[in-house]
Amino acid sequence: METETVAMQMAVLFAIVIAGFVCHKCGVMGGELDKRLSNLVIQLTCPCLIISSTMGDTMPDRSRILPLLAVGALTYAVLIALAYVLPRLMPVRRADRGMYSFMLTFANVGFIGYPIVASVFGQSAVFYACILNAPNTLTIFIWGIMFVTGRKSGGFRWSLLYSPAMVATYLSIVIVASGWRAPEAVARPFSLVGAMTVPAALLVIGSSIGGMPVRRMAGTPATYIMCAFRLLILPVGVFYLATALGADRHIASINAVLIGMPVASFGTMFCMKYGRDDTAMTQGTFLSTLLSVATIPLLAAIIS
């Protein structure tokens, strides 16, 4: 594992968050622009990123597709179950429990996870990460929205199953399963638009932080407890659970690194989209992203 490479990757991504912060303070970003940019990421660039991740030169072993999906599904079943319990044991206001449930469950896999997986395990591992991430994409647009909005199961909308991100997930699985090689004229546009996802999402996070009073950026004791679970305790626990159940150690390691990413950027964007107070979410996203510069190399060393 190249610890310096991983740390440098995290520092570069965090620098984009700082750029968004500066843009907000200078009046370049904020308000309606942030909302529209968030919607663009959710509706267009992220789906393109999902699809483009399956259009590389090397495809994964097809025989591993079902085991990878099984590991991913088990992982999110465990995380969602814990997300209903842990916030009730933390010093969190009842109104904010859903926000902490989201932060404990969903990591920044699509935006930060793939580059980190490539740095730690090599470029070919990104394709395995994409398949492991399929349950994430499904659950974040179902349970993730439920956590943020406070809806119970009765608030489920079937339209979530054919949202742009979900359609992209279905297509990516079909592409990998069939072994279809996209021609350059098809793959290149998806790659170019998908590449906008990382900077756009991180700029929105930085701009959201720029709109907060400095004293609120430090977070609360609950924020740091959440970060400890989000960045180290949960990924290490998931790694040992997967290996204990017989999962391939390489797959379990990739999965653990994905789970150990900072809080998903979609949390802040969902808050904006559905009109929820994003203070707790923005604090958790900011601090987990900052702390991950140190914890991701540590996590990779623990499970290597």
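Reading the values: rules and limits
Residues numbered from 1 in each chain as written. Predicted model: local features only at pLDDT ≥ 70, side-chain atom pairs only at ≥ 80, totals over all residues. Heavy atoms only, no water. Core = buried A, V, L, I, M, F, W, Y, C linked by side-chain atoms within 4.5 Å. Buried < 20%, exposed > 50% of the residue type's maximum accessible area, 1.4 Å probe, protein only. Helix = DSSP H or I, 4+ residues; strand = E, 2+ residues; numbered from the N terminus. Contact = heavy atoms within 4.5 Å. Patch = residues over 30% accessible without salt bridge, like charges linked within 9 Å, V, L, I, M, F, W, Y side chains within 5 Å. Areas by Shrake-Rupley, 256 points an atom, 1.4 Å probe, with all protein chains shown as cover. Salt bridge = Lys/Arg side-chain N within 4 Å of Asp/Glu carboxyl O. Phe/Tyr/Trp six-rings, centres within 6.5 Å; stacked < 30°, edge-to-face > 60°.

Q: Explanation requested: the nonpolar core in the structure shown.
A: Most often, soluble globular proteins keep nonpolar side chains buried together rather than apart. Ranked by size, the top nonpolar core spans 94 residues in total, and within it F102, F266 and F270 carry the most contacts. If one sorts the elements of this core by residue count, helix α11 (residues 221-244) sits on top with nine residues. In this view, F102 contacts I140, G144, F147, V148, A264, F266, G267, F270 and M281; residues no more than four positions away in its chain are not counted.

Q: What exactly am I supposed to notice about a nonpolar patch on the surface here?
A: A cluster of nonpolar side chains, namely L138, Y162, V167, Y170 and L171, defines an oily patch on the protein surface of about 460 Å² accessible area. Per element, the largest residue contribution to the nonpolar patch is three residues, and it comes from helix α8 (residues 164-178). Counting through the fold element by element, Y170 comes out in helix α8.

Q: How should the packing of aromatic side chains be read in this particular structure?
A: Applying the stated criterion across every chain, the model contains seven aromatic pairs. Between F102 and F106 the ring centres are 5.1 Å apart and the planes differ by 50 degrees, which places this aromatic pair in the tilted class. F106 gets classed as buried once you look at its relative accessible area, which sits at 0%. With a centroid separation of 5.6 Å and an interplanar angle of 20 degrees, the aromatic rings of F266 and F270 are classed as stacked.

Q: Just checking my understanding: could you explain helix α13 (residues 266-273) for this structure?
A: The periodicity of an α-helix, 3.6 residues per turn, causes residues three or four places apart in sequence to face the same way. Across the eight residues of α13, seven count as buried, placing the element largely inside the fold. The set of residues buried in α13 consists of F266, G267, T268, M269, F270, C271 and M272. With its phi angle positive at about 70 degrees, G275 sits one or two positions after the end of α13.

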